[in-house]
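Observations on the three-dimensional arrangement
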Amino acid sequence: HLWSENEDVDVFLNLSHIHPHRRMRAINRLCSTESMRLVDPGIFFCNLWPLLTNMLEDPNPDVTMAAASGIGTVCQILDTELWLRQMQRLLTRAKGSNTPNQYFRAVAFMVDTFRRSSSLHNDQGSCRSQPKTVDCVSAIATMKYTILPLAESCILSKIDHVMSRGPTSDGQQITPNA
């Protein structure tokens, strides 16, 4: 299913293809629900996650969008603690990146996946979706006190960087809304 004699459909050959549409198609096939069912989650995460996070730096916006969406899909197999750690890592990488929007987009896909899966609560307030192991209240508290401040810090540092460059090309100073 993922590899083939035909180079046009081999996912692994197409992940590094020169044409962006082939890379994007390979990411979409690799991150499909069908592919995730065929491969052990540990192997899938250990090998696919680094690939997807690196593809967030791809120069083609369609490829980065596919990678961000793939990250959202793959995070379904993570337990909540690992999910939160990976989200923090993406935001930390965004802080040092020239293209932080791709990382924010990936985090947004992760939050959306968590929102959809955690909407299935049982009476004790814990997530019923598998394989999440930390209760939803704890995960939300971690997001509120750790991840959101990290995202805010990243956004503010980018705003400060833009504002420190001085006037725009038409001579107008960029000012924050107060």
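Given the structure is predicted, the values throughout are model-derived calculations rather than measurements.

**Thoughts on the nonpolar core**
Ranked by size, the top nonpolar core spans 38 residues in total, and within it Ile 27, Trp 49 and Leu 90 carry the most contacts. Counting only elements with at least two residues in this core, the list comes to helix H2 (20–30), helix H4 (41–55), helix H5 (61–74), helix H6 (80–95), helix H7 (100–118) and helix H8 (136–164). Ranked by residue count, the leading element in this core is H6, at 7 residues.

**Quick notes on the packing of aromatic side chains**
A complete count under the given rule lists 1 aromatic pair for this structure. Measuring from ring centre to ring centre gives 5.4 Å for Phe 45 and Trp 49, while their planes differ by 40°; the resulting arrangement is tilted. Taken together, the positions of Phe 45 and Trp 49, both in helix H4 and 4 residues apart, correspond to about one turn of that helix.

**Focus on the pattern of salt bridges**
A complete count under the given rule lists 1 salt bridge for this structure. Notably, a salt bridge pairs Arg 23 with Asp 58, separated by 3.1 Å at the nearest N-O pair. Of the two residues, Arg 23 sits in helix H2 while Asp 58 sits in the loop between H4 and H5, which places them 35 residues apart along the sequence. Comparing Arg 23 with Asp 58 shows no difference in burial state: the two are buried.

**A short note on H5**
With 14 residues, H5 ought to run about 20 Å at 1.5 Å a step, and its terminal C-alpha atoms sit 20 Å apart, in line with that. Structurally, the start of H5 carries an N-cap: the backbone nitrogen of Asp 62 is 2.8 Å from a side-chain oxygen of Asn 60.

**Structural notes on the packing of H4 against H5**
Running from amino to carboxyl end, H4 crosses H5 at an angle of 150°, the nearest separation of the two axes being 8 Å. When the axes of H4 and H5 are compared, the pair comes out roughly antiparallel. Crossing geometry of H4 relative to H5 is assigned as left-handed. Contact with H4, carried on its side by Phe 44, Leu 48, Trp 49, Leu 52, Thr 53 and Met 55, involves Val 63, Thr 64, Ala 67, Gly 70, Ile 71 and Val 74 of H5 and no other residues of that element. Residue composition of the contact of H4 with H5, grouped by class: 9 nonpolar, 3 polar and no charged.

Reading the values: the criteria
- Residues numbered from 1 in each chain as written.
- Predicted model: local features only at pLDDT ≥ 70, side-chain atom pairs only at ≥ 80, totals over all residues.
- Heavy atoms only, no water.
- Core = buried A, V, L, I, M, F, W, Y, C linked by side-chain atoms within 4.5 Å.
- Buried < 20%, exposed > 50% of the residue type's maximum accessible area, 1.4 Å probe, protein only.
- Helix = DSSP H or I, 4+ residues; strand = E, 2+ residues; numbered from the N terminus.
- Phe/Tyr/Trp six-rings, centres within 6.5 Å; stacked < 30°, edge-to-face > 60°.
- Salt bridge = Lys/Arg side-chain N within 4 Å of Asp/Glu carboxyl O.
- Expected span 1.5 Å × (residues − 1).
- Polar contact = N/O pair within 3.5 Å; in protein donor to acceptor, adjacent residues only side chain to side chain.
- Axes fitted to C-alpha atoms, helices over the stretch in contact; angles between N-to-C directions.
- Parallel < 35°, antiparallel > 145°, perpendicular 65-115°, else oblique.
- Left-handed = near helix turned anticlockwise from the far one by under 90°.
- Contact = heavy atoms within 4.5 Å.
- Nonpolar A, V, L, I, M, F, W, Y, C, P; charged D, E, K, R; others polar.

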